[in-house]
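Listed here are the chains, written in short residue letters.
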Amino acid sequence: MNDNLLIIGGSGFVSGTMARRAVAAGWDVWVVTRGQRTLPAGVHAIVADRKQTGAFAAQISAAMKGAGIERFDLVADCIGYDVDDALQDVAVFRDRARQLVFVSTDFVFDPVHRHFPQGETSAHYLPDGYGGNKRLCEMELLRSACGDMSWTVVRPCHIYGPGSLLGCLPTHGRDKQLLKRLRAGEALRLVGGGHFLQQPILAQDLADLMLGMVHRTDLHQRIFQAAGPDVVESVAYYRIIADIVGVELGVEELPVGEFLAQNPASASFLCHRIYDLGNLQQAALPVPATPLRTGLAQQVAALDAQ
Ligand SMILES: NC(=O)c1ccc[n+]([C@@H]2O[C@H](COP(=O)([O-])OP(=O)(O)OC[C@H]3O[C@@H](n4cnc5c(N)ncnc54)[C@H](OP(=O)(O)O)[C@@H]3O)[C@@H](O)[C@H]2O)c1
C-alpha cells in the first residue's frame, strides 16, 4: 500500500511543490486549503480554513473516514506561523498522524548572533516577528505531549525554484521584474553590494527531504537546518541568473547601515545565512544536492514560460 501524506497548504510554492513531488513518487496525497487556488494534479482536496479549528478537525476526520484512513503516515504543516498553529497540529494530529513535519525558517536566529556555519542550536533566537513566532511554534512542539505522533522540524533558508519569484536580497527579493530589469541592462540595487553569503535550497529538494522523513520515528523532537549544496555571495546568485539569460550583471551598492536604519524589519536578510548540514548527513536523510545553477535555470525557464 502507498504511504499517505496530508499537507496543510498544498497549492502554494513550498506546499504545492511537496504535493507534486509526493504524487510523482506514488504517495496518496491529501491537501487542506481554503480552495482559493488551483490544486496540483492527483491530490485529494480537503477544503477547510485552519483558523477555524473545529471545522478543520471535522473536515479532516470526515475525509479520513471516507477514505478508510486510520492515521496519516506523514502530515506536513507547511503554513504554521503562530503558536496556535503548533497547538492545533498537536491537538488535531496526535491521534491522526504517525508523524508530523513542521516547516519553520532560518529566521528563528537573531541575525547579530550567528555562527558560520550556523548549526541547529543557538543561545540567541528572535523573540517576536515572523522568525520569533516560528521559534515559539518549535518550543510549543518541544513542550507538548504528542502521544504516538512523532514530530520533526525543518528550518529552510531562502527557498527557490519553479513556482516562485527570483531574488534573495533587498532590494530585489522576490522581484517580479527581475528578468525584465536584467534584460534591459538595469543595475540591481543590492544592500551591501550583495556580499552576504547565502545557501539557497531548491523547493524540490526541500520536498524530498521532508518526504524522506516518513517512518523515521527516530527523528522525533529533532530540528534540522535545511539548505542547498552551494554557498554563494548573494551577488553571485544574481550573477548566475544574469549568465543564464545571457547578460552582464550591473550592481549598485546600498550602504547596509543606512538601509537597516530605514528598514529594521529586513535585518534577518542582512547577515550571512550559511548552515551546517552535518546533522542531515548523520541522520541519513536526503541532503539537498541540486546545484544552484541547475535550479536557477529551471526557475528562469519556468518564469519565461509564464
Ligand atoms: N519562501 C522562503 O524562502 C521560505 C524560507 C523559509 C521558510 N519558509 C516557509 O515555507 C512555508 C511556505 O509555504 P508555501 O510556499 O506553500 O506558502 P504559500 O505559497 O503562501 O501558500 C499557502 C498555501 O496554504 C493555503 N492556505 C493559506 N491559508 C490557509 C488557511 N487559513 N487554511 C488552510 N489553507 C490555507 C493556500 O491555499 P488557499 O489560499 O486556497 O487556502 C496555499 O495552498 C511557510 O511555512 C514559510 O514560513 C519559506
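Overview of the structure. From a predicted model like this one, the values you see are computed outputs, not experimental measurements.

**Quick word on the sheet that holds strand E1 (residues 4-8)**
Note: strands within a sheet are paired through backbone hydrogen bonds, in either parallel or antiparallel orientation.
Argument step 1. Within the open sheet, the 7 strands sit side by side as E3-E2-E1-E4-E5-E6-E11. Their pairing is parallel. The sheet is open, and its two edges are formed by strand E3 (44-47) and strand E11 (222-226), each paired on a single side. Between one strand axis and the next, the sheet turns by 20 degrees as a mean value, whatever way the strands run.
Argument step 2. One ladder, built from 4 bridges, connects E1 with strand E4 (residues 74-77); its direction is parallel. Considered in E4, the bridge of Leu 6 is made with Val 75.
Argument step 3. Against the sheet, helix H3 (residues 83-93) engages E4 and strand E5 (99-103), with an angle of about 165 degrees to E5.
Argument step 4. Where helix H6 (residues 203-211) meets the sheet, its contacts fall on E4, E5, strand E6 (150-156) and E11, and the angle it forms with E6 comes to roughly 165 degrees.

**Side note on the pairing of E4**
Argument step 1. Across the two faces of E4 the burial is the same, with Leu 74 and Ala 76 and Val 75 and Asp 77 all buried.
Argument step 2. With 3 bridges connecting them, E4 and E5 associate as parallel partners. Following the sheet pairing, Asp 77 is matched in E5 by Phe 102.
Argument step 3. Traced from E4 through H3 to E5, the parallel crossover comes out right-handed.

So, how was this worked out
- Residues numbered from 1 in each chain as written.
- Predicted model: local features only at pLDDT ≥ 70, side-chain atom pairs only at ≥ 80, totals over all residues.
- Pairing = 2+ DSSP bridges.
- Helix = DSSP H or I, 4+ residues; strand = E, 2+ residues; numbered from the N terminus.
- Axes fitted to C-alpha atoms, helices over the stretch in contact; angles between N-to-C directions.
- Contact = placed C-beta atoms within 7 Å.
- Buried ≥ 20, exposed ≤ 12 C-beta atoms within 10 Å, placed from the backbone.
- Right-handed = clockwise from strand over helix to strand, strands pointing away.

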